[in-house]
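Given next are the chains, with one letter for each unit.
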Amino acid sequence: MTLRVFLSLLLLSFSTCLLTAEDTSNAQKFSDPSRTFRFTYNFTVKDIPAGAKQVRLWVPVPQTDRHQTVRVLNIKAPTKTQMTREPEYGNRMMYAEIQNPATGKAEFTLEYEVTRREYSRGNYAQLEPEDQTPAVVSASMSRLVAPDSLVPTDGKIKALAVEVTGSQTGTVAKAKAAYDYFFTNMRYDKTGSGWGRGDAVWACDAKHGNCTDFHSPFIGVLRADGVPARFDIGFPLPENKDKGDIAGYHCWAEFYAPKIGWIPVDISEAWKAKQKEDYFFGSVDTNRVQFSTGRDITLSPKQDGPALNYFVYPYVEVDGKPYEKLDKQFSFEEIKPEKAAGSKRSAGSGAK
């Protein structure tokens, strides 16, 4: 072999390795590492009845954790407010009371600066080698294998767990079997009635719905098989826009695997973007902000009405009864890196 031929083959081999490495590194790049934005949460309690004695309201407040950093920029309210936290899931909220309201409406605005980070544990191929038989659930997680009002762990859900996940021996394998089942057997479709409540049995029968309807039976099946699972909810951010209104909430789920920890899944987003099917088992992108966790929420201070199915919108009571006459508007505006850096500098060391 001549030197020229040898060098040519070496160069070709090197180029092929580079291309292969580039293809591999780009294969799962469905999210930026982080996204920083201003989020505005505005609502008006309207048509407050004449003669009402007391208006009580609770508003979910996002909090800083490993996956997002939240700074409250401003709160506009017609009355004194306080921050509280419910003990079961640790959800943070703003609470306010209006005694003897003088007008027929009350408007509230909360503004945040949020940096959301990609939440990724890797995909199934990366997680499966660490898979193992589910461990005995600790007392601290007993709530996360128990049923919710609309997410039972017996009856049809238990039967489905036996069918779908029962033959799997590892936690990650069980979750992947459930993920694949609902990805394949449901469709994202918000027509008709019944969708949006996260009623796991209804979703299994109807085989369609929104994000709550995809993730409720997923959580139920895993819990029925002894795997802790939880419900997360917040708001989506359009992927290719830097500002605008947000029509409504978005939710996803997490399950717990021994020696790995919590692992996120987003089946409904995977269904809407089929090329992301592998990605959304084990990862969620930065195009969201989380506001709360859990179902059947008891607020702080405790509400007079029943526990909340989920907590992402304001909850209001007038004279001890749930009140639903609300106008809600949510919006966001992207903060570019240089602008975010300037904002932090101007906030000074006393910023919270």
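Preceding this section is the structure that the text describes.
*Asks:* Give a detailed account of the packing of helix 3 (residues 155-164) against helix 6 (residues 211-224), specifying residues and quantitative values.
*Replies:* Running from N to C, helix 3 and helix 6 cross one another at 70°; their axes reach a closest spacing of 8 Å. With respect to their mutual orientation, helix 3 and helix 6 come out roughly perpendicular. Of helix 6, the residues touching helix 3 (which contributes I157, K158, L160 and A161) are G220, V221 and A224.

*Asks:* Any details on the pattern of salt bridges? Residues and values, ideally.
*Replies:* Under the defined criterion, the tally for this structure stands at 18 salt bridges. D199 is paired through a salt bridge with R197; the nearest N and O atoms lie 3.6 Å apart. Note on R197: relative accessible area 44%, which makes it partly exposed. Through salt bridges with shared partners, a single ionic network connects E88, R143, D148 and R223.

*Asks:* For the sheet that holds strand 15 (residues 288-293), give the residues involved together with the corresponding values.
*Replies:* If you walk across this open sheet you meet the four strands as 13-12-10-15, and the pairing is antiparallel. In the strand order of this sheet, the two ends are held by strand 13 (261-265) and strand 15, each with one partner. Recorded for the sheet is a direction-independent mean angle of 35° between the axes of neighbouring strands. The pairing of strand 12 (residues 250-257) with strand 13 spans five bridges and is classified as antiparallel. Each residue of the ladder has a partner; that of E254, found in strand 13, is P264.

*Asks:* Go over the pairing of strand 1 (residues 34-45), please, and point to the residues and values.
*Replies:* Each regular strand displays side chains that alternate between the two surfaces of the sheet. With ten of its twelve residues buried, strand 1 lies for the most part within the structure. Of the strand pairs in this sheet, strand 1 and strand 6 (residues 106-117) are connected by twelve bridges, and their pairing is antiparallel. Note that in strand 6 the partner of F37 across the bridge is V114. Note that strand 1 and strand 18 (residues 326-334) share nine bridges and pair antiparallel.

*Asks:* Quick rundown of the packing of aromatic side chains? Include the residues and the values.
*Replies:* Summed over all chains, the structure comprises 25 aromatic pairs. Between the aromatic rings of Y181 and F182, the centroid separation amounts to 5.1 Å while the plane-to-plane angle is 90°, which identifies the pairing as edge-to-face. Note on accessibility: Y181 and F182 belong to one class, buried. An aromatic cluster is defined as three or more aromatic residues linked by ring pairs; in this entry it consists of F39, Y41, F43, F108, Y112, F231, F235, Y249, F291, Y310, Y313 and F330. Above the plane of the ring of Y188 lies K272, whose end atom (NZ or CZ) is 4.5 Å from the centre. Seen from the ring of W252, R288 lies directly overhead, with NZ or CZ sitting 4.7 Å from the centre.

Cut-offs and rules
- Residues numbered from 1 in each chain as written.
- Predicted model: local features only at pLDDT ≥ 70, side-chain atom pairs only at ≥ 80, totals over all residues.
- Heavy atoms only, no water.
- Axes fitted to C-alpha atoms, helices over the stretch in contact; angles between N-to-C directions.
- Helix = DSSP H or I, 4+ residues; strand = E, 2+ residues; numbered from the N terminus.
- Parallel < 35°, antiparallel > 145°, perpendicular 65-115°, else oblique.
- Contact = heavy atoms within 4.5 Å.
- Salt bridge = Lys/Arg side-chain N within 4 Å of Asp/Glu carboxyl O.
- Buried < 20%, exposed > 50% of the residue type's maximum accessible area, 1.4 Å probe, protein only.
- Pairing = 2+ DSSP bridges.
- Phe/Tyr/Trp six-rings, centres within 6.5 Å; stacked < 30°, edge-to-face > 60°.
- Lys NZ or Arg CZ within 6 Å of the ring centre and 35° of its normal.

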